[in-house]
Amino acid sequence: MDLFILKADSSKEMNEITDELSQQKFKKIQEESHFILMKKNRYGNYYVHILFLMIGLFFVYLALLVNVVYFTYSYLWASPHVLVTTDTKSESGEDLEFNTMEEVLEKANKLF
């Protein structure tokens, strides 16, 4: 799971950032007064799914299991998460390292 952190100066800016991310198919998971957590579901590369499906149907059925494992990995662990927050320090008192919007969108839209 990739976690990206975006900084917002106010709740209004936080809502503007989440609206922009919503247009890129991110969905809100959790919302509080000082942060919004969003996730973009990733299902894996369609060409890889088709390849394993064809191999599984015509040659080796084990490829279907590999396809299910790849889908599960893509959905549960490879889906990027974005935390939009107005806080500058973590709960332990350390400074947060923020990402840029371009960096988030680039990594969220990559194929693998």
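Preceding block: the structure.
Residues numbered from 1 in each chain as written. Predicted model: local features only at pLDDT ≥ 70, side-chain atom pairs only at ≥ 80, totals over all residues. Heavy atoms only, no water.

K.L.:
In this structure, what is going on with the packing of helix H1 (residues 11-23) against helix H4 (residues 101-108)? I would like to understand it.
P.N.:
For any two helices packed against each other, the geometry comes down to the angle between their axes and how far apart the axes lie. Interhelical geometry of H1 versus H4 gives an angle of 25° and a closest axis separation of 12 Å. The angle between H1 and H4 falls in the class roughly parallel. Crossing hand, H1 versus H4: right-handed. Across the interface between the two elements, Ile17, Glu20 and Leu21 from H1 touch Met101, Val104 and Leu105 from H4. Its residues assigned to classes, the contact of H1 with H4 comprises five nonpolar, no polar and one charged. (Axes fitted to C-alpha atoms, helices over the stretch in contact; angles between N-to-C directions. Helix = DSSP H or I, 4+ residues; strand = E, 2+ residues; numbered from the N terminus. Parallel < 35°, antiparallel > 145°, perpendicular 65-115°, else oblique. Left-handed = near helix turned anticlockwise from the far one by under 90°. Contact = heavy atoms within 4.5 Å. Nonpolar A, V, L, I, M, F, W, Y, C, P; charged D, E, K, R; others polar.)

K.L.:
Would you mind going over the nonpolar core with me for this structure?
P.N.:
Grouped burial of nonpolar side chains is what soluble globular proteins tend to show. Within the largest apolar cluster, 15 residues are counted, with the highest numbers of intra-cluster contacts made by Leu6, Ile17, Leu21, Phe26, Val82, Val84 and Val104. Contributing elements (two or more residues each) for this core: strand E1 (3-7), H1, strand E3 (35-39), strand E4 (81-85) and H4. Of the residues forming this core, the biggest block, four residues, is contributed by H4. When neighbours within four sequence positions are excluded, Leu21 is seen to be in contact with Leu6, Phe26, Met38, Val82, Val84, Met101, Val104 and Leu105. (Core = buried A, V, L, I, M, F, W, Y, C linked by side-chain atoms within 4.5 Å. Buried < 20%, exposed > 50% of the residue type's maximum accessible area, 1.4 Å probe, protein only.)

K.L.:
Honestly, the sheet that holds E1 in this entry has me stumped. Any pointers?
P.N.:
Strands in a sheet are paired, the pairing made by backbone hydrogen bonds, and the direction either parallel or antiparallel. The strand order E1-E4-E3-E2 describes an open sheet built from four strands, whose pairing is mixed. Either end of the sheet is taken by a strand with one partner, and the two such strands are E1 and strand E2 (27-31). Each adjacent strand pair in this sheet contributes to an overall mean axis angle of 25°, direction not counted. Relative to E4, E1 runs parallel, the two being bridged by five bridges. Residue pairing in the sheet places Ile5 in a bridge with Leu83 of E4. (Pairing = 2+ DSSP bridges.)

K.L.:
Sorry, what's going on with the layout of surface pockets here?
P.N.:
Empty space among the atoms can be located by rolling a probe the size of a water molecule over them. In this model, the largest pocket occupies a volume close to 320 Å³. Taken together, 13 residues line the largest pocket, and the ones lying closest to its centre are Arg42, Tyr43, Gly44, Tyr46 and Lys110. Class assignment of the residues belonging to the lining of the largest pocket gives a composition of six nonpolar, four polar and three charged. Within this model, the second largest pocket holds a volume of roughly 190 Å³. Residue lining of the second largest pocket: His34, Phe35, Leu83, Thr85, Asp87, Lys89, Ser90, Glu91 and Leu96, and that is the complete set. (1 Å grid on protein atoms, 1.4 Å probe; cavity = no way out; pocket = protein on both sides within 12 Å on 5 of 7 lines; lining within 4 Å. Points joined across faces, edges and corners; volume = space filled by probe spheres on them.)

K.L.:
Would you mind going over the packing of aromatic side chains with me for this structure?
P.N.:
The geometry of two aromatic rings is summed up by the distance between their centres and the angle between their planes. The full count for this structure, using the stated rule, is three aromatic pairs. Measuring from ring centre to ring centre gives 6.1 Å for Tyr43 and Phe71, while their planes differ by 10°; the resulting arrangement is stacked. Of this pair, Tyr43 sits in the loop between E3 and helix H2 (46-58) while Phe71 sits in helix H3 (residues 62-76), and the two are 28 residues apart along the sequence. Seen from their ring centres, Phe71 and Tyr75 are 6.1 Å apart, and the 15° between their planes marks the pair as stacked. Placement of the pair is Phe71 and Tyr75 together in helix H3, with a separation of four residues, close to one helical turn. Residue Phe71 is classed as partly exposed on the basis of its relative accessible area, which comes to 34%. Under the relative-accessibility criterion, Tyr75 is labelled partly exposed at 29%. Here a set of aromatic residues connected by ring pairs shows up, and it is made of Tyr43, Phe71 and Tyr75. Here the guanidinium or amino end of Lys39 rests over the ring plane of Tyr75, the centre of that ring lying 4.8 Å away. (Phe/Tyr/Trp six-rings, centres within 6.5 Å; stacked < 30°, edge-to-face > 60°. Lys NZ or Arg CZ within 6 Å of the ring centre and 35° of its normal.)

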